[in-house]
Amino acid sequence: MQIALLILNQMIKFFFMLMMGYGIVKTGILKSSDSKVLSAIAIYLVTPCVIINAFQIEYTTEAVQGLLLALAAAVCIQMIFLCFICTIGKKLPAVERASIMYSNAANMIIPIIQAVLGQEWVLYTSAYIAVQIVMMWTHGRSMLCGEKHIDWKKIITNLNIISIIVGIALFAAGIRLPALVTDTFSSLGSLMAPLGMIVLGMLMADADLKKIFSNLQIYKVAATRLLLCPLLMLLLIRLTGAYRFLPEASTILFVSFLATCTPPAVNITQMAQIYGQDAQYSSSINVVS
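Residues numbered from 1 in each chain as written. Predicted model: local features only at pLDDT ≥ 70, side-chain atom pairs only at ≥ 80, totals over all residues. Heavy atoms only, no water.

A.B. asks: Any chance you could explain the overall build of the chain here in plain terms?
C.D. replies: A tally of helices and strands in the chain yields 15 helices and 0 strands. For a compact globule of 289 residues, the expected C-alpha radius of gyration is about 19 Å, and the chain comes in at 18 Å, within 12% of that figure. With respect to the principal axes defined by its C-alpha atoms, the chain has extents near 55 × 45 × 45 Å. Within the chain, contacts between residues separated by at least 24 positions form 84% of all contacts whose residues are at least 6 apart in sequence. Of note, the chain has its 18 positive side-chain charges centred 11 Å away from the centre of its 12 negative side-chain charges. (Helix = DSSP H or I, 4+ residues; strand = E, 2+ residues; numbered from the N terminus. Rg over C-alpha atoms; globule rule 2.2 N^0.38 Å. Contact = heavy atoms within 4.5 Å. Lys, Arg positive; Asp, Glu negative; His and termini not counted. Charge placed at Lys NZ, Arg CZ, Asp CG, Glu CD.)

What follows is the structure in structure tokens.
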């Protein structure tokens, strides 16, 4: 019940942020197209700060074991989602496929984990987020660009992928950045959710709301993202018995499970905007979800 209330509280806050973005366009202060600048800031500046900060934790045997379990769970569930998208969902538009596969884990789950389980458990969200970001900037980017092959040079030189490599290297070497740097990264990281919601609101301002909320296909995509994906994660946990692997495995996997329960990643709308896809439709899926 406590978790449900926290999720509801988080969603209400996101809705208010979205309405601010909606209002700033409707009042003529900005244009809907101006949101592309905010998308670029969110993807290439804010997200790397979140990634690096996620790995700034103490290196212990327990932390490594827990991270490996969370990492394995994240990889397995992403592979299951990928198989689903490549078979059942292969005829869906790229924006719909990306919205089903990638969740808004970073924005929604970290505050909930902090409130329910405590700051020390936020570490295990980083594994899911890191795996999802790698997938998003390889498979997801390929889908949204319409490319038939993955350009590994572009992937490796992508700032988000570099940030993951740097974060893992710092964690493995036991290097802690100065407090001034991590505080700066943390402050920038806190902009992720507000920027994402403002962008959605700005895009929604030019949309036909009646058409959006009467589109049954959007509800099907939302139901797949919010119901089927979490059920697949539960099935994976149950069949593998992974909750028995470590003393705290059930809690670690609970964190991973929550990450699959969130609406589509805000980054999908931002990436759709950058790569010339239907960002307005993407934002519609996100709002309905």
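A.B. asks: Quick question: what am I supposed to make of the packing of helix 4 (residues 94–101) against helix 12 (residues 216–240) here?
C.D. replies: For any two helices packed against each other, one specifies the inter-axial angle together with the distance between the axes. Between helix 4 and helix 12, the shortest axis-to-axis distance is 8 Å and the interhelical angle comes to 25°. With respect to each other, helix 4 and helix 12 are oriented roughly parallel. Read as a crossing pair, helix 4 and helix 12 show a hand that is right-handed. Contacts between helix 4 and helix 12 involve Glu 96, Ser 99, Ile 100 and Met 101 on the former and, on the latter, Gln 217, Val 221, Thr 224, Arg 225 and Cys 229. Residue classes in the contact of helix 4 with helix 12 are distributed as 4 nonpolar, 3 polar and 2 charged. (Axes fitted to C-alpha atoms, helices over the stretch in contact; angles between N-to-C directions. Parallel < 35°, antiparallel > 145°, perpendicular 65-115°, else oblique. Left-handed = near helix turned anticlockwise from the far one by under 90°. Nonpolar A, V, L, I, M, F, W, Y, C, P; charged D, E, K, R; others polar.)

A.B. asks: So what exactly am I meant to see when it comes to the environment of Leu 228 here?
C.D. replies: Along the chain, Leu 228 turns up in helix 12. For Leu 228, a relative accessible area of 32% translates into the label partly exposed. Among all residues touching Leu 228, those that are not within four sequence positions of it are Phe 84 and Ala 223. (Buried < 20%, exposed > 50% of the residue type's maximum accessible area, 1.4 Å probe, protein only.)

A.B. asks: Is there a simple way to think about helix 13 (residues 249–260) in this case?
C.D. replies: Since the α-helix turns once every 3.6 residues, residues separated by three or four places project in the same direction. With 12 residues, helix 13 extends 17 Å between its outermost C-alpha atoms, agreeing within 8% with the 16 Å of an ideal straight helix rising 1.5 Å per residue. Burial within helix 13 is extensive, with 9 of its 12 residues counted as buried. When we look at burial in helix 13, the residues that qualify are Ala 249, Ile 252, Leu 253, Val 255, Ser 256, Phe 257, Leu 258, Ala 259 and Thr 260. (Expected span 1.5 Å × (residues − 1).)

A.B. asks: Explain the side chain of His 139 to me, please; I cannot follow it from the model alone.
C.D. replies: If you trace the backbone, His 139 turns up in helix 6 (residues 123–145). The buried category is assigned to His 139, whose relative accessible area is 16%. At 2.8 Å, the side chain of His 139 forms a polar contact with the side chain of Tyr 102. Contacts of His 139, omitting those with residues within four sequence positions, involve Leu 82, Met 101 and Tyr 102. (Polar contact = N/O pair within 3.5 Å; in protein donor to acceptor, adjacent residues only side chain to side chain.)

A.B. asks: When you look at the nonpolar core in this model, what are you seeing that I'm missing?
C.D. replies: The nonpolar side chains of a soluble globular protein tend to be buried, and buried together. Ranked by internal contacts, the top residues of the largest apolar core, which has 69 residues, are Met 101, Tyr 102, Ile 113, Tyr 124, Tyr 128, Met 136 and Trp 137. Among the elements that line this core, the one with the most residues is helix 6, at 13 residues. Core analysis: the next-biggest nonpolar cluster, separate from the first, contains 6 residues, Phe 14, Leu 18, Met 197 and Leu 200 among them. (Core = buried A, V, L, I, M, F, W, Y, C linked by side-chain atoms within 4.5 Å.)

A.B. asks: When you look at the confidence of the model for the chain in this model, what are you seeing that I'm missing?
C.D. replies: Detailed reading of the predicted coordinates is not advisable wherever pLDDT falls low. Residue-level pLDDT values for the chain average 80, and 92% of them are 70 or greater. The weakest mean pLDDT in the chain belongs to helix 5 (residues 105–116) at 68; the strongest belongs to helix 9 (residues 179–189) at 87. (pLDDT = per-residue confidence, 0-100.)

A.B. asks: How should the packing of aromatic side chains be read in this particular structure?
C.D. replies: Aromatic ring pairs are reported here in terms of the distance separating the ring centres and the angle at which the planes meet. Evaluated as defined, the whole model comprises 1 aromatic pair. Each ring, one from Phe 15 and one from Phe 16, has its centre 6.4 Å from the other, and the planes form 50°; the classification is tilted. (Phe/Tyr/Trp six-rings, centres within 6.5 Å; stacked < 30°, edge-to-face > 60°.)

A.B. asks: Please explain the environment of Thr 269 as it appears in this structure.
C.D. replies: Its location among the elements puts Thr 269 in helix 14 (residues 266–274). Taking C-alpha positions, Thr 269 is 8.4 Å from Tyr 281, a pair spaced 12 residues apart along the chain. The contacts of Thr 269, once residues within four sequence positions are left out, are Leu 200, Leu 203, Ala 279, Ser 282 and Ser 283.

A.B. asks: It is not clear to me how the packing of helix 2 (residues 35–54) against helix 6 should be interpreted in this structure. Could you clarify?
C.D. replies: Close contact between helix 2 and helix 6 brings their axes to 9 Å; oriented N to C, the two are set at 140°. If you check the angle between helix 2 and helix 6, you find them oblique. Crossing hand, helix 2 versus helix 6: left-handed. Between helix 2 and helix 6, the residues in contact are Ile 43, Tyr 44, Thr 47, Ile 51 and Ala 54 and Leu 123, Ser 126, Ile 133 and Trp 137, respectively.

A.B. asks: What's the story with the environment of Leu 231 in this structure? I'm lost.
C.D. replies: Positionally, Leu 231 belongs in helix 12. Look at Leu 231 and you get exposed, because its relative accessible area is 52%. Taking C-alpha positions, Leu 231 is 32 Å from Thr 60, a pair spaced 171 residues apart along the chain.

A.B. asks: I keep staring at helix 12 and nothing clicks. Help me out?
C.D. replies: The first and last C-alpha atoms of helix 12 sit 35 Å apart over 25 residues, in line with the 36 Å expected at 1.5 Å per residue. Of all the positions in helix 12, only Ile 218, Val 221, Ala 222, Thr 224, Arg 225, Cys 229, Pro 230, Met 233, Leu 236 and Ile 237 are classed as buried. If you follow the buried residues of helix 12, they end up packed against helix 3 (61–87), helix 4, helix 11 (209–213), helix 13 and helix 15 (279–288). Positive phi appears at Gly 241, one or two residues downstream of helix 12, with a value of about 65°.

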